[in-house]
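Residues per chain are reported as follows:
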Amino acid sequence: MFDVCVIGPVVWDRNFHGNMEQKPQPGGVAYYASITYCRLGLSTAVVTKVATNDEWALFSELRSNGVEVFNLPTKTTTTFENHYSADNFDVRVQRVSSTTEVIRMAEFPKIKANIVHFGPLTPGDIELDFMVPNLSTFATIALDAQGLVREIVNGAVVAKEKVGHGQWLRFIDVLKVDNQELLIYAGSKSPKNAVRRL
């Protein structure tokens, strides 16, 4: 039994500042959230999909921090390219050069946790329709919705115009969004109305 289980892809982040490419580094909700939980003293597991040849580079810091990694079989690792403006680091254009396979309920390891934190980075990362209701029977469910409010179009990451919440939204105990994600996710122009609607 773990305190927390984070589910989602651990990814490669290739960051470009102007024309300068930085050294690729691990990233994604599953990566940062699981390290944070561990450093807060919580026993933490991460369930993810990373290609075998990327395991050491993407998991070494997680493991050294005490995170127990459950890596499900896949042939590919998700890779994001983050292009930041040389003049303004708040301006970012994202591309995805590869994506991993879907994390499915049928593959989920036989573990339990008090809290399950879903961290999709694209809409197809996790089989939420099955996993959320099933895992909510024994855990508090948290969802980082950033991956649900965007889509990949010809490799570019763009905001969705409309989001289907699925029949599982009622099982979510904690929904984590920023202001823009909230408005897209709820299909509203007002934060107050968006919160009321959700």
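See the structure printed just above.
Let us look at the structure shown here. The model shown is predicted, which means the values in this text are computed figures rather than measured ones.

**Thoughts on the overall build of the protein**
Helix and strand counts for the protein stand at 5 helices and 13 strands. The globule rule puts the C-alpha radius of gyration for 198 residues at 16 Å, and the 17 Å found for the protein is close to it. When the backbone C-alpha atoms are referred to their principal axes, the protein occupies close to 45 × 45 × 30 Å. The 198 residues of the protein split such that 47% are buried. Counting only contacts in the protein whose residues sit at least 6 apart along the sequence, the fraction spanning at least 24 positions is 63%.

**Looking at the nonpolar core**
By size, the foremost hydrophobic cluster in this structure holds 30 residues, and its most contacted members are Ile7, Val47, Phe118 and Tyr185. Listing elements by their share of this core, those giving two or more residues are β1 (2-7), β5 (44-49), β6 (68-72), β9 (113-118), α3 (128-135), β10 (140-144) and α4 (179-186). Counting residues per element, this core draws most heavily on α3, which supplies 4 residues.

**Here's the deal with the state of the cysteines**
Within this structure, the stated rule accounts for 0 disulfides. Looking at Cys5, it has no disulfide partner, and the nearest cysteine sulfur is the one in Cys38, 12 Å off. Exposure remark for Cys38: the relative accessible area of 14% places this residue in the buried category.

**So, helix α2 (residues 55-64)**
If you check which residues of α2 are buried, you get Leu58, Phe59 and Leu62. Buried residues in α2, looked at end-on, bunch into an arc of 75 degrees, giving them a common side. In this structure, α2 carries Trp56 and Ser64 as exposed residues pointing more than 90 degrees from its buried face. Close packing links the buried residues of α2 with β2 (11-17), β4 (25-27), α1 (29-39), β5 and β6.

**Remarks on the pattern of salt bridges**
According to the stated counting rule, one finds 6 salt bridges in the structure shown. Of the charged contacts, one joins Glu21 and Arg14 as a salt bridge, the two residues approaching to 2.9 Å between their closest N and O atoms. The exposure class assigned to Glu21 is partly exposed, which follows from its relative accessible area of 39%. Judged by relative accessible area, Arg14 falls into the partly exposed class, the value being 25%. Between Glu61 and Arg39 there is a salt bridge, with its nearest N and O atoms 3.8 Å apart. Of the two residues, Glu61 sits in helix α2 while Arg39 sits in helix α1, which places them 22 residues apart along the sequence. Bridged by salt links that share partners, the residues Arg14, Glu21 and Glu81 form one connected network.

**Remarks on the environment of Thr100**
As for its placement among the helices and strands, Thr100 is situated in the loop between β8 (92-98) and β9. If we ignore the near neighbours within four places in the chain, the residues touching Thr100 are Pro9, Lys49, Thr74, Thr76, Thr77 and Thr78. Among the polar contacts listed, one links the side chain of Thr100 to the backbone oxygen of Thr76, at a separation of 3.0 Å.

The rules behind the values
- Each residue is numbered by its place in its chain's sequence as written, counting from 1.
- The predicted nature of this model means local features are confined to residues of pLDDT at least 70 and side-chain atom pairs, given and counted, to a pLDDT of 80 or more, with totals for whole chains, interfaces and linings taken over all residues.
- In computing side-chain values, all of the structure's heavy atoms are included and hydrogens and water are not.
- The helix count covers DSSP runs of H or I at least four residues long, the strand count covers runs of E at least two residues long, and both are numbered beginning at the N terminus.
- To get the radius of gyration, use the C-alpha atoms; to get the globule rule, take the number of residues to the power 0.38 and multiply by 2.2 Å.
- To sort residues, take the accessible area from a 1.4 Å probe on protein chains only and compare it with the maximum for the residue type: under 20% means buried, over 50% means exposed, and anything in between is partly exposed.
- What makes two residues a contact is simply this: any of their non-hydrogen atoms within 4.5 Å.
- Within this scheme, the nonpolar core is defined by two criteria: the residues are buried Ala, Val, Leu, Ile, Met, Phe, Trp, Tyr or Cys, and they are joined through side-chain atoms within 4.5 Å.
- Only a pair of cysteine sulfur atoms within 2.5 Å counts as a disulfide in this structure description.
- Note that the arc is computed from the directions linking the helix axis to the C-beta atoms.
- When a carboxyl oxygen of Asp or Glu lies within 4 Å of a side-chain nitrogen of Lys or Arg, that pair is called a salt bridge.
- What qualifies as a polar contact is a pair of N or O atoms within 3.5 Å, subject to a donor-acceptor requirement within protein and to the restriction that residues adjacent in sequence count only when both atoms come from side chains.

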